[in-house]
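Observations on the model geometry
For reference, the chains in residue letters:
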2 protein chains.
Amino acid sequence: MTQKKSSFQDIRDTVMARIQSRHWPPGSLLPTEVELAEEFGCARATVNRALRELADQGVVDRKRKSGTRVNAAPVKQAVFEIAVVRQSVEEMNAAYRYSLVKRTVITAPAWLRARIGVKDEAQVLHLNCMHYADNRPFQFEERWINIAAVPDVIDVDLSETGPNEWLLSQVPFSNAELTSTAIAAGETLSEFLDVPQGAPLFQMERTTWFQGTPVTFVRMTFHQGYQMRTRY
Amino acid sequence: MTQKKSSFQDIRDTVMARIQSRHWPPGSLLPTEVELAEEFGCARATVNRALRELADQGVVDRKRKSGTRVNAAPVKQAVFEIAVVRQSVEEMNAAYRYSLVKRTVITAPAWLRARIGVKDEAQVLHLNCMHYADNRPFQFEERWINIAAVPDVIDVDLSETGPNEWLLSQVPFSNAELTSTAIAAGETLSEFLDVPQGAPLFQMERTTWFQGTPVTFVRMTFHQGYQMRTRY
DNA sequence: TAGTGGTCTAGACCACCGC
DNA sequence: CGGTGGTCTAGACCACTAA
């Protein structure tokens, strides 16, 4: 009742603490915004912002008329950063080196057309690249770029900087779909990543769209022992 | 100038569109909130909310006095859901089955103490579990639970439901750190997951804290071919 | 239909920080 | 110092939806 706390962060944290302490157990109903505003001695908009953040976080569910309820089965979300290879390497205080292995223009094979959704005759730029950290293999990158989506790519010199950095400068703020999996090193990967054939490797695939049109599909295979980290 | 659009979502989307169309290229400065409010014919608070969402998304950077700037190197974030095993299996329309393989109480080994930060004499509950989808191996779970953090765990029957679901009911809204990697199946894993020794497997480790104290460390190894999916 | 959250407003004061 | 975003207020109207 008329506490001295007022900022939306105080309210957010206080409510969170009450939920964690089971003062408001999972599944229970919180007081209305008006009631909380009264208790905290602030405007309803301030309470609204606090509760909205908790809702975005997945801690509570809000519905008009029914009120704000503590989420019983919290859908936990983890956020991880999609770093450019160069950055991840440099953050390890390692020297980054890039090498373009292969560059060809082909018509999109059937599996790629199905995968990213381009037309039959679509021309794509197919690239193989290697990324090194302190001269040790870090990532093998195999990429296909939809030339129709970014025609300039044909004239870009990709021998010095990787395609990802150029693409980011061309189509920032794109959408993507990622999958991660474990695979066994085949002949090519074992050579480029310097591991025995059959070695377990962490592989990530990403399809990227810009304003609805597919731009690129990339398959990134990391050195043995690579770990992806994240928190929540 | 004095457009008819007014909602913060309209403003957010319009600004985003201008950024994508390079009307405001990466690195450039946006008009001030007051100017935008004037253009859109709305209150400054509305513009503030729109720009704040774009800032949370990582699209723009905001600084007092300097203004709002289009992020040149967008730190892309991907969000993936931390699902309970049962849910992931059931979402595949497969029948879920759980089995407790082993349950022992031990004093925390040195590597675990270092890993999660508990005292030398700490007692932990060590569990091995299997999760099946349509009677095919889905995930092998090896878990250590800090008994001091959740004393009740000693008396809980974990033969029917997995420890994760019980823990979630006890300490919802905890913090965690995750790592994902690819490993080769050893003897135990090859037996439980029914794969050849040396098969590449996707493994995720998670350490969980509740209000600052370590609760559990779990190592989850998935069936061969498992893919983790995410979008942004 | 009535109760709840969702949003907007016009104004205000403050905190930060580049100049 | 002054300009910019960060936040709060008191009030208003609207949109959804459970009863």
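Residues numbered from 1 in each chain as written. Chains lettered and ligands numbered in written order. Predicted model: local features only at pLDDT ≥ 70, side-chain atom pairs only at ≥ 80, totals over all residues. Heavy atoms only, no water.

- If you check an unreviewed UniProt entry, chain A appears there as UTRA domain-containing protein from Halocynthiibacter styelae.

Quick notes on the domain arrangement of chain A
- If you check the domain split of chain A, you get domain 1 (8-70) and domain 2 (85-222).
- One C-alpha centre belongs to domain 1 of chain A, the other to domain 2 of chain A, and the line joining them spans 44 Å. (Domains from an automatic or database assignment.)

Looking at the side chain of B:Asn128
- Summarising the element assignment, B:Asn128 is placed in strand β5 (residues 123-133).
- Given a relative accessible area of 10%, B:Asn128 falls into the buried group. (Helix = DSSP H or I, 4+ residues; strand = E, 2+ residues; numbered from the N terminus. Buried < 20%, exposed > 50% of the residue type's maximum accessible area, 1.4 Å probe, protein only.)

Thoughts on the packing of helix α2 (residues 33-40) of chain A against helix α3 (residues 44-57) of chain A
All names here are of chain A.
- Between α2 and α3, whose axes approach to 8 Å, the crossing angle comes to 110 degrees. Put simply, α2 runs roughly perpendicular to α3. Residues Glu33, Val34, Leu36 and Ala37 of α2 form the contact with α3, whose participating residues are Arg44, Val47, Asn48 and Leu51.
- Here the residues of the contact of α2 with α3 sort into five nonpolar, one polar and two charged. (Axes fitted to C-alpha atoms, helices over the stretch in contact; angles between N-to-C directions. Parallel < 35°, antiparallel > 145°, perpendicular 65-115°, else oblique. Contact = heavy atoms within 4.5 Å. Nonpolar A, V, L, I, M, F, W, Y, C, P; charged D, E, K, R; others polar.)

Brief notes about the protein's contact with DNA strand D
- Within the structure, DNA strand D sits among 23 residues, and A:Ser7, A:Phe8, A:Thr46, B:Arg44 and B:Arg62 are positioned closest to it.
- Counting only the atoms of DNA strand D within 4 Å of the protein, the fraction contributed by sugar and phosphate is 67%.
- Within the backbone of A:Ala43, a nitrogen or oxygen atom sits 2.8 Å from a phosphate oxygen of DNA strand D.
- For DNA strand D, a phosphate oxygen lies 3.1 Å from a polar atom in the backbone of B:Glu33.
- Elements supplying a minimum of two residues to the surface near DNA strand D: α1 (8-20) and α3 of chain A together with α3 (44-57), β1 (60-63) and β2 (67-70) of chain B.
- Considering each element in turn, the surface near DNA strand D owes the most residues, four residues, to α3(A).
- Classifying every residue of the surface near DNA strand D gives four nonpolar, nine polar and 10 charged. (Near = heavy atom within 4 Å. Polar contact = N/O pair within 3.5 Å; in protein donor to acceptor, adjacent residues only side chain to side chain.)

Points about the interface of chain A and chain B
- On the side of chain B, 49 residues touch chain A, which itself brings 49 residues to the contact.
- Both faces considered, chain A and chain B share a buried interface measuring about 4600 Å² in area, 55% of it formed by carbon and sulfur atoms.
- Sorting the residues of chain A by area buried against chain B places A:Gln20, A:Phe173 and A:Tyr232 first, and these three jointly supply 18% of that buried surface.
- At the junction of chain A with chain B, the criterion picks out two salt bridges.
- For the interface between chain A and chain B, the tally reads 18 residue pairs in polar contact (both at pLDDT 80 or more).
- Among the secondary structure elements, those contributing two or more residues to the side of chain A that touches chain B are α1, α3, β3 (76-82), α6 (163-170), β7 (175-184), β8 (200-210) and β10 (227-231) of chain A.
- Here the element with the most residues in the side of chain A that touches chain B is β7(A); it accounts for 10 residues. (Buried area = accessible area lost by both parts, 1.4 Å probe. Salt bridge = Lys/Arg side-chain N within 4 Å of Asp/Glu carboxyl O.)

Points about the relation of the copies chain A and chain B
- Superposition record for chain A on chain B: RMSD 0.0 Å, screw rotation 180 degrees, translation along axis 0.0 Å. The transformation just described matches what one would write down for a two-fold rotation axis. (Least-squares fit on C-alpha atoms with pLDDT ≥ 70 in both.)

Some remarks on the packing of aromatic side chains
- Within the structure shown, the criterion is met by 20 aromatic pairs over all chains.
- With a centroid separation of 5.6 Å and an interplanar angle of 50 degrees, the aromatic rings of A:Phe202 and A:Tyr226 are classed as tilted. Of this pair, A:Phe202 sits in strand β8 while A:Tyr226 sits in the loop between β9 (213-222) and β10, and the two are 24 residues apart along the sequence.
- Here A:Phe202 falls in the buried class, since its relative accessible area comes to 1%.
- In this structure A:Tyr226 comes out as buried when scored by relative accessible area, which is 17%.
- Here the aromatic residues A:Phe138, A:Phe202, A:Phe222, A:Tyr226, B:Phe138, B:Phe202, B:Phe222 and B:Tyr226 are joined through ring pairs into a cluster of three or more.
- One cation-aromatic arrangement involves A:Arg49 over A:Phe8; the distance from NZ or CZ to the ring centre is 3.9 Å. (Phe/Tyr/Trp six-rings, centres within 6.5 Å; stacked < 30°, edge-to-face > 60°. Lys NZ or Arg CZ within 6 Å of the ring centre and 35° of its normal.)

Concerning α1(A)
- Here α1(A) contains 13 residues, and its C-alpha end-to-end distance of 18 Å stays within 8% of the 18 Å for a straight helix at 1.5 Å per residue.
- Those residues of α1(A) that fall on the buried side of the exposure criterion are A:Phe8, A:Ile11, A:Arg12, A:Thr14, A:Val15, A:Met16, A:Arg18, A:Ile19 and A:Gln20.
- Of the surrounding secondary structure, the elements contacted by the buried residues of α1(A) are α2, α3, β1 (60-63) and β2 (67-70) of chain A together with β8 (200-210) of chain B.
- Phi turns positive, to about 65 degrees, at A:Arg22, one or two residues after α1(A). (Expected span 1.5 Å × (residues − 1).)

Brief notes about the protein's contact with DNA strand C
- Neighbouring DNA strand C are 23 residues, the closest being A:Arg44, A:Arg62, B:Ser7, B:Phe8 and B:Thr46.
- Taking all atoms of DNA strand C within 4 Å of the protein, the share assigned to sugar and phosphate is 66%.
- At a separation of 3.1 Å, a phosphate oxygen of DNA strand C approaches a polar backbone atom of A:Glu33.
- Within the side chain of A:Thr68, one N or O atom sits 3.4 Å away from a phosphate oxygen of DNA strand C.
- Of all the secondary structure elements, the ones that give two or more residues to the surface near DNA strand C are α3, β1 and β2 of chain A together with α1 (8-20) and α3 of chain B.
- Here the element with the most residues in the surface near DNA strand C is α3(B); it accounts for four residues.
- Residue classes in the surface near DNA strand C are distributed as four nonpolar, nine polar and 10 charged.

Structural notes on the pattern of salt bridges
- Under the criterion given, the structure shown has 26 salt bridges over all chains.
- Between A:Arg18 and A:Glu39 there is a salt bridge, and its shortest N-O distance comes to 2.6 Å. On the criterion of sequence distance, the pair formed by A:Arg18 in helix α1 and A:Glu39 in helix α2 is long-range, its members being 21 residues apart. Side by side, A:Arg18 and A:Glu39 carry an identical accessibility label, which is buried.
- The salt bridge involving B:Arg12 is made with B:Asp13; its shortest N-O contact spans 2.8 Å.
- What makes B:Asp13 partly exposed here is its relative accessible area of 42%.

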